[in-house]
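Structure at a glance
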Amino acid sequence: MSSQPKIHLDRVAKTYPGSRIPAVDELTLDVQEGEILVLVGPSGCGKSTTLRLINRMIEPSSGRIMLDGEDVTKANPDKLRRRIGYVIQQIGLFPHQTISQNIATVPKMLGWEKDRIHERTEQLLTTVGLDPEQYRDRYPKELSGGQAQRVGVARALGADPDIMLMDEPFGAIDPITRERLQNEFLRLQEELRKTIVFVTHDIDEAIKMGDRIAILGERSTIRQIDTPERILAYPVDDFVDDFIGTGSTIKGLNFQQVSGLKIPDYPAISVSDDPQKGIAALQEAGREWLVLLDDQGRPVRWLREDDLRGAAPGQYDGRGEELGDHLSPDDTLFHALELMVQSAAGKTCVVDEAGRFQGVVEMAHLNKAIRRAQYEARAHYEELERA
Ligand code: ADP
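Just so it is clear, the model here is predicted, and its values are computed rather than measured.

The subject of this paragraph is the nonpolar core. Among the nonpolar cores identified, the biggest contains 39 residues, and Phe185 and Ile215 are the most heavily contacted of them. In terms of residue count, the dominant contributor to this core is helix H7 (residues 145-156) (five residues). In contact with Ile215, other than residues within four places in its own chain, are Val40, Ile203, Thr221, Ile222, Arg223, Gln224, Ile231, Phe239, Val240, Phe243 and Ile244. Within the second largest apolar cluster, 25 residues are counted, among which are Ile7, Leu9, Cys45 and Val199.

Dropping the structure here:
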């Protein structure tokens, strides 16, 4: 993380006219360059207001807004908004303008040359996965919800702003398209490395999209701000715990990889081995299941002692149970859990790139990994408290 935050809110507050309670109450918040910070919290807690304070679509009642260390609280708001892309849920495309014209909005305001604008809109259409030939001259009503949302993202990227504000950008879209757009956007962000503040009320979307998540309570007060991994491992209070909901421990398995586990040796024999060798290995290890490997060292079946009795070297066909899918070292522990609960043996094999047997992942390994993550997160917070 860079030392100077890209965005710094310094005790920013907003009380709407006619209201006695602030919608945002003295919020201090840093957003680092190149990160996606997700603001998540219950409806009405002040997420959208906070987002709009950043580009001064809403003027703060008090406090300061700094971009790149520069106080923009009193800067010209039009100029400010041209530096900042903004994407909203219902897209807000101009219905009587073509897709190209919509995308060209900010470059045009900035007085770019025609050729440069054309080049930019064509490039942006391609970037968000829309063929310019097919889409440049269409009108917004001729697009599906997902396509319109892509145009919304392209328009926000128009003048290549280094900050993007996104307010429930994928909220109004069916779950399948939504997941696709989320994935596309994360891929795009790998290249673009924009500084993004992303608002959602959906904790799963927050976990997926955020490098960090700020869980907000009423009046936009920060209840916890951290990586999704640490929030899942160590919610600081009941509010956060309730908000992240059931299954948070299991969701945390998405942030750990198989390669991070220390897995001990596991009994295995080759098809050419004598079954007696397998029986001895099982008894010595005190195990129920062993792994049968083919002559290339690739796992093929689970075998129990009973499956080995009466078998002969090279003749294990149909004995024991199928293995199901294997894990590779870069798979997540969430995926490991999924394979494990499907497996007859309740555990699952890890293989290398050539498919050769590396070891077996069991429930106890996941249990340990979860407990370690919880321990480390708690230690981190204790450290913060001491500092
Ligand atoms: P969220 O995005 O978390 O749902 P909002 O920022 O939209 O929350 O709203 C925060 C609070 O401010 C709510 O109580 C809402 O009713 C109030 N509010 C939002 N916009 C306005 C407005 N334009 N005028 C008056 N009150 C508003």
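The structure having been displayed, the exposition proceeds.
What the domain assignment reports for the protein is domain 1 (7-245) and domain 2 (259-367). The straight-line distance from the C-alpha centre of domain 1 to that of domain 2 is 47 Å.

Let us look at the packing of H7 against helix H8 (residues 175-192). Put simply, H7 and H8 touch, their axes get as near as 10 Å, and they point 25° apart. On the basis of the axis angle, H7 is roughly parallel to H8. As for how H7 packs across H8, the hand of that crossing is right-handed. The residues of H8 that touch H7, namely those facing Gly146, Gln149, Arg150 and Val153, are Thr177, Arg180, Leu181, Glu184, Phe185 and Leu188. Of the residues in the contact of H7 with H8, the class split is four nonpolar, three polar and three charged.

Rules used throughout
- Residues numbered from 1 in each chain as written.
- Predicted model: local features only at pLDDT ≥ 70, side-chain atom pairs only at ≥ 80, totals over all residues.
- Heavy atoms only, no water.
- Core = buried A, V, L, I, M, F, W, Y, C linked by side-chain atoms within 4.5 Å.
- Buried < 20%, exposed > 50% of the residue type's maximum accessible area, 1.4 Å probe, protein only.
- Helix = DSSP H or I, 4+ residues; strand = E, 2+ residues; numbered from the N terminus.
- Contact = heavy atoms within 4.5 Å.
- Domains from an automatic or database assignment.
- Axes fitted to C-alpha atoms, helices over the stretch in contact; angles between N-to-C directions.
- Parallel < 35°, antiparallel > 145°, perpendicular 65-115°, else oblique.
- Left-handed = near helix turned anticlockwise from the far one by under 90°.
- Nonpolar A, V, L, I, M, F, W, Y, C, P; charged D, E, K, R; others polar.

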